[in-house]
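# Descriptive analysis of the structure
Chain residues, written in single-letter form:
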Amino acid sequence: MNEIRDIRDILEIVENDPKKDMQEIALLSGCSEEEVYSCIKELEESGIIRKYKAVIDWDKVGEEYIYAIIELKINLDDRAGYDNIAKRIASFNEVRSIRLISGDHDLSLTVRGHSMKDVAFFVAEKIATLDQVHNTMTHFVLKTYKEDGVALFDMEKPKRLVISP
Amino acid sequence: MKEIKTYISNRVKQTPPSGIRKFFDMVIGMEDVISLGVGEPDFVTPWHIREACIYSLEKGHTTYTSNSGLIELREAISDSFHTDYGVDYDPHDQILVTTGVSEAADLALRAVIDPGDEVIIHEPSYVSYKPCIIIPGGKPVIATTTRENEFRVTKEQIEEKVTEKTKAIILSYPNNPTGAVMRKQDLEDVADVVIENDLLVISDEVYDKLTYDSKHTCFSSLNGMDEHTILLNGLSKSHAMTGMRIGYAMGPSEIINAMLLIHQYTMLCAPITSQIGAIEALNNGGPDVNAMVREYNRRRRLFVKGLNDLGLDCFEPKGAFYAFPSITSTGMTSDQFAEELLTQQKVAVVPGDVFGSSGEGFLRCSYASGLDELKIALERMGEFL
C-alpha cells in the first residue's frame, strides 16, 4: 500500500459514496481488503473520518425545514476566545454548521428549524443573548441549489455518440 | 452522363471504409443501450473552461486567429511541455494549433509523404492513420503488436518492416484501442532504429495524461529525438474537450511550416472559442485532469477485473481508457460477438478488427463511463456469455 496516495484515494472514494463496501473500495483503490479495512478503521478512530452522511433534498420530501445563515459579531472577553464561544454555540442541535470567518462578522452559522418563527426565536433567545454576541445578522435561505458539492437540481446530461473511434 | 461514382478519385475509392459504420447504423433507434463503444470521456468539459469560452463569446471574440493559433495558446502549450517533459518548443515556429489531433495527423502525413513512400504503423491502432497515409499516395506498412508483448511495438518488429522507401513511423502510445503503454526503454529501442535508418517519427500522444502505473515518456524527450519527431497532442482526452476540436503539432520548424502551409489553405485556423478554452485548460486545468485520472483508474480496476472474472482474458491496460479483452475462448469472431452482444444484451463495444486485422479476437471496451454503468455492462455481458 502506497501510504499517502492510497489513503487519499480511499478517502475520496468514501467521501463520494459512503455506501461502498470494503470489497469494492479495495477493488477501486487497488489495495487489498485487509489494507482497506485497517486503513478505514484507523481513519475512523483518529477522527479523520468523522461521520458517514447522505445529502438529502428535504424540499423534495416536502419537509418544512427552514434554514438561515446567521452572522455574528463577537466581543471577546477575558475568559473566552473564538473557540470557546463557537463550541458553546455548536452545542445547540439547531446549529448545523458554524465557522469562523473573515470580514465584517466573526462567526457564521447555519441554523435549521421547522418555521421562520422557530429560527427567529432561537436566534433571539439563545444566540443574541450570549454575552459575547453583540450583533447578529440573519439571512433566511430561500432555496438551496448545491449542498456539500452535490447539485440539488437536475441537469440534462449531454449525449455522446454510442459508438465513436 | 457518366455514373456519379466515376467522379470519385481512385485514391478515395481505395481508402477503406470505417468498420464502425455498421454498428453506428445498428444502434440507431435502439433504447437502453449501455455503450462501451465510445472513444471519448464521459466527463463534461470542466466548467471553468466552458466559462472561459462563454466569456470570450460575450466579449465578441469571434474572429479568425493567426493560422498557427493564438500565440497565448502556443505559449501555454510550450510551457506545459517544458514543465511536464523538459522538452522545449518555440511557440513562434515549432507549434501549430490544429482542429483536433485528427487534423494534425493528416497534416503531418500530407506534409511528408510523396507517392510511393512507406509509413510504418503498429496495429491494432487508431483507425485514421491508414487512410491518412493512403490519401496522399503513401503506403501503410503494418507492424503487428501482440497480446504476449502487451501490445508494445518492438525494435525488431519495426526493423523488419524498414525498406529504402520507409519515410516515417507512426507511434501511438498510450494506445487506442489496446490501452497499452510503452516504457522508456521500449521507446529508446525504437529511437535506435530511427537513428540507424534516419527516419521520422510521428508520435500521437493524445492520451499522455491518462497513464495509471508510471509517468508517460514523451518521445521527443529522448536523446536526439526532437529533430526526428513530429509530436501530436491535444486537449480532447486529458481535459474532456473532444467536441472543441483542439489539437496541436510540434516539431522542427521546417516541418511545422510545411504543415502550416496546408493548414492555412484548408483549415485556416482552429475555432477561436475553443482556442480560448484551451488556454484556460492548460493554465488552470491541472486539478481537473488529476481528478479525472483518479476516477478512470478506479473504473479501470473494476472493469478489467470484471472482464477477467467473466473469463474474457484481458491484459492490464496501463493507459488511455480502453480495455482490450480477448474473446477467442468464446469461439466467436470479434464482429459476431459485438453484433450479438448489442442485439441480445444492448451493450455496445467495438470489434477489435476495426483497428487492424491483428485486432481480430479482441474487443475494444471503453471504460469512460460511470461505475454504475460499467457494473450493469458487466452483468449484461455475463448474461450474454
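Residues numbered from 1 in each chain as written. Chains lettered and ligands numbered in written order. Predicted model: local features only at pLDDT ≥ 70, side-chain atom pairs only at ≥ 80, totals over all residues.

## Section: the overall build of chain A
- Tallying secondary structure elements over chain A gives 6 helices and 6 strands in all.
- For chain A, the N- to C-terminal ordering of α and β elements is α-α-α-α-β-α-β-β-α-β-β-β.
- For 165 residues, the compact-globule estimate of 2.2 N^0.38 gives 15 Å, and chain A exceeds it by more than 25% at 21 Å.
- When the 165 residues of chain A are sorted by exposure, 17% land in the buried category.
- For chain A, the proportion of contacts with a sequence separation of at least 24, taken over those separated by at least 6, is 55%. (Helix = DSSP H or I, 4+ residues; strand = E, 2+ residues; numbered from the N terminus. Rg over C-alpha atoms; globule rule 2.2 N^0.38 Å. Buried ≥ 20, exposed ≤ 12 C-beta atoms within 10 Å, placed from the backbone. Contact = placed C-beta atoms within 7 Å.)

## With respect to the pairing of strand β6 (residues 200-204) of chain B
Residue and element names in this part refer to chain B.
- For β6, the buried fraction is high: 5 of the 5 residues fall into the buried class.
- Of the two faces of β6, the one lined by L200, I202 and D204 and the one lined by V201 and S203 are each fully buried.
- Here strand β5 (residues 166-171) pairs with β6 via 4 bridges, running parallel. Across the sheet, A168 pairs through a bridge with L200, a residue of β6.
- Running through helix α8 (residues 184-197), the crossover from β5 to the neighbouring parallel element β6 is right-handed.
- Here β6 runs beside strand β7 (residues 229-234); their pairing, made up of 4 bridges, is parallel. The residue bridging V201 from the neighbouring strand is T229, located in β7. (Pairing = 2+ DSSP bridges. Right-handed = clockwise from strand over helix to strand, strands pointing away.)

## Let's talk about the sheet that holds strand β4 (residues 133-140) of chain A
All names here are of chain A.
- The 4 strands lie next to each other as β2-β3-β1-β4, forming an open sheet whose pairing is antiparallel. Only two strands of the sheet have a single neighbouring strand rather than two, namely β2 (95-100) and β4. Going across the sheet, the axis of each strand differs from the next one's by a mean of 20°, ignoring polarity.
- Two strands pair when backbone bridges link them, and β2 and strand β3 (residues 107-113) are joined in this way by 5 bridges, in the antiparallel orientation. Bridge pairing in β3 places R99 opposite S108.
- The sheet strands contacting helix α5 (residues 82-90) are β1 (66-74), β2 and β3, and the helix crosses β2 at an angle near 170°.
- Contacts from helix α6 (residues 116-127) reach β1, β3 and β4, with the element oriented near 20° to β1. (Axes fitted to C-alpha atoms, helices over the stretch in contact; angles between N-to-C directions.)

## So, the domain arrangement of chain B
All names here are of chain B.
- As far as domains go, chain B holds domain 1 (4-45 + 287-384) and domain 2 (63-284).
- Its C-alpha centre places domain 1 at a distance of 24 Å from the equivalent point of domain 2.
- Taken residue by residue, the interface counts 36 residues in domain 1 and 36 residues in domain 2.
- For the side of domain 1 that touches domain 2, the secondary-structure elements that each account for two or more residues are α1 (10-14), α11 (286-309) and β9 (322-323).
- When residues in the side of domain 1 that touches domain 2 are grouped by element, the largest group, 7 residues, is from α11.
- The class makeup of the residues in the side of domain 1 that touches domain 2 is 18 nonpolar, 12 polar and 6 charged. (Domains from an automatic or database assignment. Nonpolar A, V, L, I, M, F, W, Y, C, P; charged D, E, K, R; others polar.)

## Remarks on helix α10 (residues 272-284) of chain B
- Its 13 residues place the ends of α10(B) 18 Å apart at the C-alpha level, agreeing with the 18 Å of an ideal helix rising 1.5 Å per residue.
- The inward-facing, buried residues of α10(B) contact α3 (47-58), α4 (71-85) and β2 (95-98) of chain B. (Expected span 1.5 Å × (residues − 1).)

## Some words on the interface of chain B and chain A
- On the chain A side, the residues contacting the 22 residues of chain B number 13 residues.
- Of all elements in the fold, only α2 (21-27) and α11 of chain B reach the threshold of two or more residues within the side of chain B that touches chain A.
- In terms of residue count, α11(B) provides more of the side of chain B that touches chain A than any other element does, 5 residues in total.
- Residues that form the side of chain B that touches chain A fall into these classes: 12 nonpolar, 4 polar and 6 charged.

## As for the sheet that holds strand β8 (residues 247-250) of chain B
Residue and element names in this part refer to chain B.
- Ordered by their spatial adjacency, 7 strands build an open sheet running β2-β8-β7-β6-β5-β3-β4, and the pairing between neighbours is mixed. In the strand order of this sheet, the two ends are held by β2 and β4 (139-144), each with one partner. Neighbour to neighbour, the strand axes of the sheet diverge by 20° on average, direction disregarded.
- Where helix α9 (residues 253-266) meets the sheet, its contacts fall on β2, β7 and β8, and the angle it forms with β2 comes to roughly 30°.

## Describing α8(B)
Residue and element names in this part refer to chain B.
- If you check α8, its first and last C-alpha atoms are 20 Å apart, about what 14 residues at 1.5 Å a residue would give, namely 20 Å.
- All of the buried residues along α8 are L187, V190, V193 and V194. Looking straight down α8, one finds its buried side chains confined to an arc of 110°; they lie on one side. Seen from the open side of α8, the exposed residues pointing more than 90 degrees away from its buried face are Q185, D192 and E196.
- Close packing links the buried residues of α8 with α7 (155-161), β5 and β6. (Arc of directions from axis to C-beta.)

## Points about unusual backbone geometry
Residues and elements named next belong to chain B.
- The omega torsion across E123 and P124 is 5°, close enough to zero to call that bond cis.
- Structurally, P124 can be placed in the loop between β3 (118-123) and α6 (129-134).
- Residue P177 is reached from N176 by a cis peptide bond, and omega for that bond is 20°.
- With respect to the secondary-structure elements, P177 resides in the loop between β5 and α8.
- Despite not being glycine, A320 has its phi angle at roughly 60°, a positive value.

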